[in-house]
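This is what each chain is made of:
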Amino acid sequence: MSVTVSVIVLAASFVVLILLRFPIAMVLALSSLLAAFTLDLPLAVIGQRMVQGLNSFSLLAIPFFILAGQIMSEGKLALRLVNLAQLTVGTIRGGLSLVNCVACMLFGNISGSAAADASSVGSVMIPMMKKKRYDADFSVAVTSAAAIQGVVMPPSHNMILYALAAGGVSISSLFLAGIVPCLLLLVSLMITSYVIARKKGYPKGEPVKLRDVPRIIVGGFLSMFTAVIILGGIFSGWFTATESGAIACVYAFVLTFFVYRDLPLSHVKIIFLKTFRTVAMVLFLISASSAFAWVLTYLKIPVMMTDALLAISDNPIIILLIINVLLLVLGAPLDMGPLILIMTPILYPVVTALGMDPVHFGIVLILNLGIGLITPPVGTVLFVGSAIGKVSIEAATKRLIPYFCVMVAVLLLITYIPGISMWLPNLVNGS
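No experiment lies behind these values; they were computed from the predicted model shown.

Enquirer: Could you clarify how one ought to interpret the overall build of the chain in this entry?
Expert: Across its full length, the chain carries 21 helices and zero strands. Its C-alpha radius of gyration of 22 Å places the chain within 12% of the 22 Å reference for a compact globule of 431 residues. For the C-alpha atoms alone, the extent of the chain along its principal axes is close to 75 × 50 × 45 Å. Buried positions account for 54% of the 431 residues belonging to the chain.

Enquirer: Can you help me understand the pattern of salt bridges in this one?
Expert: Two side chains with opposite charge may pair up if their charged atoms get near one another. Enumeration over the complete set of coordinates arrives at two salt bridges. Across the salt bridge formed by arginine 399 and aspartate 135, the nearest N and O atoms sit 3.6 Å from each other. Linking arginine 399 in helix H20 (residues 393-416) with aspartate 135 in the loop between helix H7 (114-131) and helix H8 (136-147), this pair joins segments that are 264 residues apart in sequence. Arginine 399 is paired through a salt bridge with aspartate 137; the nearest N and O atoms lie 3.0 Å apart.

Enquirer: Got a minute to help me understand the packing of aromatic side chains in this structure?
Expert: Summed over the entire model, instances satisfying the criterion amount to nine aromatic pairs. Ring geometry for tyrosine 134 and phenylalanine 138: centres 6.4 Å apart, planes at 10°, overall stacked. Side by side, tyrosine 134 and phenylalanine 138 carry an identical accessibility label, which is buried. Here the aromatic rings of phenylalanine 253 and phenylalanine 258 are separated by 5.7 Å at their centres, their planes lie at 65°, and the arrangement is edge-to-face. Residue class for phenylalanine 258 comes out partly exposed when judged on its relative accessible area of 45%. The structure contains a cluster of three or more aromatic residues connected by ring pairs, namely Tyr134, Phe138 and Tyr202.

Enquirer: Explain helix H19 (residues 380-389) here, please?
Expert: Every α-helix winds through 3.6 residues per turn, so residues three or four apart in the chain are directed the same way. Residues Val381, Leu382, Gly385, Ser386 and Gly389 constitute the buried set of H19. Summarising the axial view, the buried residues of H19 lie within an arc of 130°, below the 170-degree limit, and thus occupy one face. Each element contacted by the buried residues of H19 is listed here: H7, H8 and H20. Lysine 390, located one to two residues past H19, shows a positive phi value of around 55°.

Enquirer: It is not clear to me how the nonpolar core should be interpreted in this structure. Could you clarify?
Expert: Generally speaking, nonpolar side chains in soluble globular proteins are found buried as a group. By size, the foremost hydrophobic cluster in this structure holds 147 residues, and its most contacted members are Tyr162 and Ile323. For this core, the leading source of residues is helix H14 (residues 268-298), giving twelve residues. Non-local contacts of isoleucine 323, meaning those with residues more than four positions away in its chain, are made with Leu309, Leu347, Val350, Val351 and Phe361.

Enquirer: Would you mind showing me how to read a nonpolar patch on the surface here?
Expert: Taken together, the side chains of Ile317, Ile318, Leu321, Val325, Val329, Leu412, Leu413, Tyr416 and Ile417 make up a nonpolar region of the molecular surface, amounting to roughly 730 Å² of accessible area. Looking at the nonpolar patch, the elements that each hand over two or more residues are helix H16 (316-331) and H20. The dominant element in the nonpolar patch, judged by the number of residues it contributes, is H16, at five residues.

Enquirer: For this particular structure, what's the right way to read the environment of isoleucine 46?
Expert: With respect to the helices, strands and loops of the structure, isoleucine 46 is situated in helix H3 (residues 44-52). A relative accessible area of 2% places isoleucine 46 in the buried class. Considering only alpha carbons, one finds isoleucine 46 and serine 287, 241 residues apart in sequence, at a separation of 9.8 Å. Ignoring anything within four residues of it in the chain, the contact list for isoleucine 46 reads Ser32, Leu33, Ala36, Ala291 and Val295.

Enquirer: How do you make sense of the side chain of asparagine 100 when you look at a structure like this?
Expert: Structurally, asparagine 100 is set in helix H6 (residues 95-111). Classification of asparagine 100 as buried rests on a relative accessible area of 0%. Not counting residues within four places of it along the chain, the set of residues in contact with asparagine 100 comprises Val121, Met125, Met129, Ser139, Val142, Thr143 and Ala146.

Enquirer: Would you take a moment to explain the environment of threonine 242 for this structure?
Expert: Mapped onto the fold, threonine 242 is located in helix H13 (residues 241-259). Along the backbone, threonine 242 and leucine 59 are 183 residues apart, and their C-alpha atoms lie at a distance of 7.9 Å. Filtering out sequence-adjacent residues up to four positions away, threonine 242 remains in contact with Phe57, Ser58, Leu60, Ala61 and Phe64.

Enquirer: What exactly am I supposed to notice about H8 here?
Expert: Spanning twelve residues, H8 covers 17 Å between terminal C-alpha atoms, matching the ideal 16 Å at 1.5 Å per step. Within H8, eleven of the twelve residues are buried, which leaves the element mostly enclosed by the surrounding structure.

Enquirer: What is the right way to read the state of the cysteines from this model?
Expert: Two cysteines joined by a covalent bond between their sulfur atoms form a disulfide. This structure, assessed with the given rule, holds zero disulfides. Free cysteine cysteine 104: the closest other cysteine sulfur is in cysteine 101, separated by 7.1 Å. Residue classification places cysteine 104 among the buried positions, given a relative accessible area of 0%. With no disulfide of its own, cysteine 405 has cysteine 101 as its nearest cysteine by sulfur position, at a separation of 16 Å.

Enquirer: I tried to follow the packing of helix H4 (residues 61-74) against helix H10 (residues 157-165) on my own but got confused; where do I start?
Expert: Each pair of packed helices gets described by two things: the angle between the helix axes and the distance between those axes. At a minimum axis distance of 10 Å, the contact between H4 and H10 shows a crossing angle of 170°. Taken together, H4 and H10 sit at an angle that is classed as roughly antiparallel. Across from Ala61, Ile62 and Phe65 in H4, the residues of H10 making contact are His157, Ile160 and Leu161. Residue composition of the contact of H4 with H10, grouped by class: five nonpolar, one polar and no charged.

Enquirer: Explain unusual backbone geometry to me, please; I cannot follow it from the model alone.
Expert: Glycine aside, negative phi is the norm for most residues, and most peptide bonds take the trans geometry. One non-glycine residue, arginine 261, adopts positive backbone phi at about 55°. Mapped onto the fold, arginine 261 is located in the loop between H13 and H14. A relative accessible area of 67% means that arginine 261 is categorised as exposed.

Quick notes on the rules
Residues numbered from 1 in each chain as written. Predicted model: local features only at pLDDT ≥ 70, side-chain atom pairs only at ≥ 80, totals over all residues. Heavy atoms only, no water. Helix = DSSP H or I, 4+ residues; strand = E, 2+ residues; numbered from the N terminus. Rg over C-alpha atoms; globule rule 2.2 N^0.38 Å. Buried < 20%, exposed > 50% of the residue type's maximum accessible area, 1.4 Å probe, protein only. Salt bridge = Lys/Arg side-chain N within 4 Å of Asp/Glu carboxyl O. Phe/Tyr/Trp six-rings, centres within 6.5 Å; stacked < 30°, edge-to-face > 60°. Arc of directions from axis to C-beta. Contact = heavy atoms within 4.5 Å. Core = buried A, V, L, I, M, F, W, Y, C linked by side-chain atoms within 4.5 Å. Patch = residues over 30% accessible without salt bridge, like charges linked within 9 Å, V, L, I, M, F, W, Y side chains within 5 Å. Areas by Shrake-Rupley, 256 points an atom, 1.4 Å probe, with all protein chains shown as cover. Expected span 1.5 Å × (residues − 1). Disulfide = S-S within 2.5 Å. Axes fitted to C-alpha atoms, helices over the stretch in contact; angles between N-to-C directions. Parallel < 35°, antiparallel > 145°, perpendicular 65-115°, else oblique. Nonpolar A, V, L, I, M, F, W, Y, C, P; charged D, E, K, R; others polar.

Structure, rendered in structure tokens:
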């Protein structure tokens, strides 16, 4: 059959299977098989490409990061980080909303997951905010928006997915590139929360008792040291991302089970089961996406996409705006991980043709799709926050509108001012 027919089969099967609610990994694998069949290719090629997609040492970092985050999530890490954030911004008007933003950033610096961020910090902050007479829908909105920092702040496993999909972009450079954009996002969310708090007359936070300060600082520092191990080891060159993840797992295990004794040792089995389940889903998704990306390349779809976008305009500003809109639209109905693996091979040739640094594009892509995590109808983080706060998706979405606007503004700044993302990698790498 012709290439045109195969492209139609690939696209149609993908859309139909998505609408039939098939798991996304199954959608990618089945669509790849159908396209290969129409191309008269041996179906074994798809299996080979799926196996080849997992043949990467860098992939070992993902299970370790997930396990370390799971251990810390199951303990009382979130509460310690909330207490640490309370020391800095808790006494300001609307202080609990600011504490929420800071705590989510600190927790995201460890978990690398927006959903884990919303679940762990939200389970502490949302009931606390409601108790202090904050509106429930506002509490959910600020938690959901602040949790998105977890996908931009290293160590985000989404950055590892992008690095693999882009063909070996430096993970350490991606981690460095995410720090300044995350801090910019944090400041923007805090300013928005403060303005809303003053308008709504939300209360100031209560000052922390002086005798509790040393305990809070020590507890917060020990919890944050997981991120120090991961990032410090990678940036100093002492460890690879995989090695630092393994060491972080050991540290998190000792801290949770022996230093603080947050959990009994019998809970290890539950943590491993949850980790294995998550890792299995992620690895199946990566393998299926590898086959799908190979089919896309075989059909020359990335080349066609590049030609189509450059035919619209040769102005990088216009092209990047179109890409941002496309990713924001796709991020609403589809989950983040699959979109990183699907869209990177398609858009990577476009942005490199424009002269955009792959590391810079990685941060733009990840923040774009991170916003999709709080965008109906499928926003995973929004669902988590709404479930904890016991408010409707509609009510939470309405209160999220100011945060949407601020996050899109930050996205545009990051897109059109490369220095925001690239300053720190260039400084460290001596570029």
